[in-house]
Amino acid sequence: MKFKAICENHLFSKAYAKGKRFVTPSLAVYLLPDYAADRLQKAHPLKIRVNRIGLTVSKKIGGAVERNRTKRIIREAYRRVITENAVRVGYLIVIAARERATKKKSDELVPELKLAFEKLGLLSQGTK
RNA sequence: UUACCGGGUGGCGCGAUCGCGCGGUAUGGCGCCGAAAGGUAUUACCGUGAGGAAAGUCCGGGCUUCAUAGGGGAGGAUAACGGAUAACGUCCGCCGGGGGCGACCCCAGGGAAAGUGCAACAGAGAUAUACCGCCGCCUUCGGGCGGUAAGGGUGGAAAGGCGAGGUAAGAGCUCACCGAAACCCGCGGUAACGCGGGCUUCCUGUAAACCCUAUCCGAAGCAACGCCUUCGGGAGAGCGGAGCGAUCCGCUACGGUUCCCGCCGGAAUCCCGAUGGCGGCAGAGGGCGCAAGCCCUCAAGCCGUUUGGUAACAAACGGCGCAGAUAGAUGACCGCGGCGCUGCAAGGCGCACAGAACCCGGCUUAUAAACCCGGUAACGAC
RNA sequence: GGCCCGUUGGUCAAGAGGCUAAGACAUCGCCCUCUCACGGCGAAAACAUGGGUUCGAUUCCCGUACGGGUCA
């Protein structure tokens, strides 16, 4: 399951400044409606609306190995959340790792991420 | 057995399920994003996918650009000698010095006898000196003048050490022995150097102070650079000569491998800047094929064997010939096994340091547990 | 990814081989004042780290750690 990544710095800044925020013990999630969603939907070969997602792991977490591993675990948790639940699309999602995330297994992050998505109103009513 | 010394291997393994990057084959779309260049799916299968340090960026090389011969200066690096290497500040051997009972380890290890500078405090005096002392002379008996580096004390360093002669007292002033340094001769060694002899001299330390000597070095770096795209800006100058003229020639401003000399360019239309993109970036050559691709050969490199060499290394033969991302691909989870710690046991906990970014050769630093080889000392046994 | 710098009290900083390692602000104590401020006097407090050169290193050389700048 692929997802579109955020790489521009200004989108991160917007998400931090204007987006809705929910913080769990090991993650901080920022959500902002994606103004470019319509344009991206047209660009997509299969005409699917997608969420754009950005991962932030600061140097405070550790070296390159630790940070890569943390990003992989968060990505795995995100993948499982969106396959097990129906998630509304057309948003910018920035997930920042807090210091505890390094030691977690991906099983433990799934409920956290799901809770955050629920509180932010990302989950639609119908189950998949 | 205990305590060490030197070198090397290695960097947990296997199997399910889900998932990722790249390449390929099929499937599939001809749409969409973008100003353009350019980019792009879905699904299935196959192949492939991080390190010994990928790190620090401390050296060396390839590669690329700077339109350009050469010489000099400045600046930088290195420093016994011989070799290895594409090259190195690396590696090997050897010499000298220092440390260790020893295996062995450490050393920016040229020149202080070319010149300059510096040596605080202490001390009389730091490259030159007379404070105390010793000796001679004078004396108003307080001391003064002269000689003296043997003795005292200071210091990291005080005119080589010690004995005899010598002297008023002393002094390499003279002599014997010892020590050090330069030079010459002989022997050994490719050489640094070592040993022996001769002669001369007795000279503080510091060059990781300036400096001198020898050798080497152009500068920048893949964010280099090349091409494409769209846009913006600038320069196409002056003088003299030839020619009816287009134009040509010379000089100058100016520009350039950054300073100087010299040389080149002095307008081929060229230069500068911005925007985004592709290449550089995954070796080279050949064959087949419309193409995608497939096959063959060879290099760099890696592994093994043999030969040469004390060794670094070289040569021959055989095999392999291997990641290419762009918010940055190897993960998650489960089971079985391995090793270590803990525990009577069941079990529990842990398995390091750490992530390629143009590519190589080194150095330095980080690194859990385990294994292998060679050697030393002490003790014990035979 | 490349290149280039820096590190001295709590903070800003001078010192560039030897002296008690300046100075300012901040802190603390005393004086001044009815009290506070200002002012005066005094105190405490530092050379990032491991080696090397040197008689002697904060300074010179090498390594390490940390921090910063710059190039699209």
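Predicted, not measured: the structure shown is a model, and the values here were computed from it.

J.: Go over the overall build of chain A with me, naming the residues and quoting the values.
T.: Within chain A, the regular secondary structure consists of 4 helices and 5 strands. Starting at the N terminus and ending at the C terminus, chain A contains elements arranged as β-α-β-β-α-β-α-β-α. Taken across its 128 residues, chain A has 41% of its residues classed as buried. Contacts in chain A between residues at least 24 apart in sequence constitute 79% of all its contacts with a sequence separation of at least 6.

J.: Please give an account of the packing of aromatic side chains that cites residues and values.
T.: Here a ring pair, both rings aromatic, is described through the centre-centre distance and the interplanar angle of the planes. Counted under the stated rule, the structure contains 2 aromatic pairs. Here the aromatic rings of Tyr16 and Tyr30 are separated by 4.7 Å at their centres, their planes lie at 80°, and the arrangement is edge-to-face. With Tyr16 in helix α1 (residues 9-18) and Tyr30 in strand β3 (residues 27-33), the pair connects residues that are 14 residues apart, well separated along the chain. Given the relative accessible area of 36%, Tyr16 is considered partly exposed. The interplanar angle of 80° and the centroid separation of 6.3 Å between the aromatic rings of Tyr78 and Phe117 together place this pair among those described as edge-to-face. With Tyr78 in helix α3 (residues 64-84) and Phe117 in helix α4 (residues 106-119), this residue pair connects regions lying 39 residues apart in the sequence. Taking the relative accessible area as the measure of exposure, Tyr78 reaches 4% and is therefore buried. Accessibility expressed as a relative area gives 0% for Phe117, which makes it buried.

The rules behind the values
- Residues numbered from 1 in each chain as written.
- Chains lettered and ligands numbered in written order.
- Predicted model: local features only at pLDDT ≥ 70, side-chain atom pairs only at ≥ 80, totals over all residues.
- Heavy atoms only, no water.
- Helix = DSSP H or I, 4+ residues; strand = E, 2+ residues; numbered from the N terminus.
- Buried < 20%, exposed > 50% of the residue type's maximum accessible area, 1.4 Å probe, protein only.
- Contact = heavy atoms within 4.5 Å.
- Phe/Tyr/Trp six-rings, centres within 6.5 Å; stacked < 30°, edge-to-face > 60°.

In short, the description is geometric, and any link to function would need to be established separately.
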